[in-house]
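Examining the three-dimensional arrangement
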Amino acid sequence: MPELFAYTDGACSGNPGPGGWGVLMLAREGDEVVKERTLQGGEAMTTNNRMELMAAISALEALTRPSDITIVTDSAYVKNGVTTWIHGWKRNGWKTADRKPVKNAELWERLDAAQHRHKVVWRWIKGHAGHAENERADELARAGMAPFKTR
């Protein structure tokens, strides 16, 4: 059975500004890639964090049946949010520890719902550090942003 990986990234030109997200999904048997799929999209006015979240959400929502998947992100915001902070936010009614509304709560709720169908392992890697799959996800995110840039 192949192992499934999703390499996710978000990009923004200005923050806020036009933004994009990208996903490189790979099914691997050992070191061999047996299937590849790419996803991308964007918005005219958004933030980098929202695009990072949309990449992870899109990867999980693209799966048609419950799956074991490793999501690899260069966003500490996404990784820490979904593995640590979200538990307190949910307990506090989507408020932070200092009782302020959680930023991007609707996307966090969507990510939480999307991941519950699957067995997800979350991995963080350093962005722009020569990691080939992360660089491809970044290219997809920039391509997803391109239709919304007006310069």
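What comes next is a walk through the structure. (Residues numbered from 1 in each chain as written. Predicted model: local features only at pLDDT ≥ 70, side-chain atom pairs only at ≥ 80, totals over all residues. Heavy atoms only, no water.)

Digging into helix H3 (residues 105-115)
By the burial criterion, the buried members of H3 are Ala105, Leu107, Trp108, Leu111, Asp112, Ala114 and Gln115. Where H3 is buried, its residues meet helix H1 (48-61), helix H2 (76-91) and strand S5 (119-124). (Buried < 20%, exposed > 50% of the residue type's maximum accessible area, 1.4 Å probe, protein only. Helix = DSSP H or I, 4+ residues; strand = E, 2+ residues; numbered from the N terminus. Contact = heavy atoms within 4.5 Å.)

Brief notes about the sheet that holds strand S4 (residues 68-73)
As a general point, the strands of a sheet are linked pairwise by backbone hydrogen bonds and lie either parallel or antiparallel. One open sheet holds the 5 strands; their spatial order is S3-S2-S1-S4-S5, and the pairing between them is mixed. Single-partner strands in this sheet number two, and they are strand S3 (32-46) and S5. The mean angle between the axes of side-by-side strands here comes to 20°, regardless of whether they run parallel or antiparallel. Pairing of strand S1 (residues 3-12) with S4, which is carried by 5 bridges, proceeds in the parallel orientation. Residue pairing in the sheet places Tyr7 in a bridge with Val72 of S4. Relative to the sheet, H1 contacts S1, strand S2 (17-29), S3, S4 and S5, its axis offset from that of S1 by approximately 155°. Set on the sheet, helix H4 (residues 132-145) makes contact with S1, S2 and S3; between it and S2 the angle comes to about 140°. (Pairing = 2+ DSSP bridges. Axes fitted to C-alpha atoms, helices over the stretch in contact; angles between N-to-C directions.)

What to know about the packing of aromatic side chains
Within the structure shown, the criterion is met by 4 aromatic pairs. Measuring from centroid to centroid gives 5.2 Å for Tyr77 and Trp108, while their planes differ by 70°, and the two rings are edge-to-face. With Tyr77 in helix H2 and Trp108 in helix H3, this residue pair connects regions lying 31 residues apart in the sequence. Like Tyr77, the residue Trp108 is buried in the burial classification. (Phe/Tyr/Trp six-rings, centres within 6.5 Å; stacked < 30°, edge-to-face > 60°.)

Focus: the side chain of Asp9
Mapped onto the secondary structure, Asp9 falls in strand S1. For the buried Asp9, no salt bridge exists, and the shortest N-O distance to an oppositely charged side chain is 7.0 Å, to Arg142. Look past the residues within four positions of Asp9 in its chain and what remains in contact with it is Gly20, Trp21, Gly22, Met51, Glu52, Ala55, Asp74, Asn134, Ala137, Asp138 and Ala141. (Lys, Arg positive; Asp, Glu negative; His and termini not counted. Salt bridge = Lys/Arg side-chain N within 4 Å of Asp/Glu carboxyl O.)

Topic: the packing of H2 against H3
Packing of H2 against H3 brings their axes to within 11 Å, and their N-to-C directions diverge by 95°. With respect to each other, H2 and H3 are oriented roughly perpendicular. Counted together, Tyr77, Val78, Gly81, Val82, Ile86, Trp89 and Lys90 of H2 and Trp108, Leu111, Asp112 and Gln115 of H3 form the full contact between these two elements. Grouping the amino acids of the contact of H2 with H3 by side-chain chemistry returns 7 nonpolar, 2 polar and 2 charged. (Parallel < 35°, antiparallel > 145°, perpendicular 65-115°, else oblique. Nonpolar A, V, L, I, M, F, W, Y, C, P; charged D, E, K, R; others polar.)

Considerations on the nonpolar core
Judged by nonpolar contacts, the single largest core of 31 residues is most densely connected at Val23, Met25, Leu60, Ile69, Trp108, Leu111 and Trp122. Elements with a minimum of two residues in this core: S2, H1, S4, H2, H3 and S5. No other element matches H1, which puts 8 residues into this core. Counting 8 residues, the second largest nonpolar core, distinct from the first, contains Phe5, Leu26, Ile125 and Ala137. (Core = buried A, V, L, I, M, F, W, Y, C linked by side-chain atoms within 4.5 Å.)

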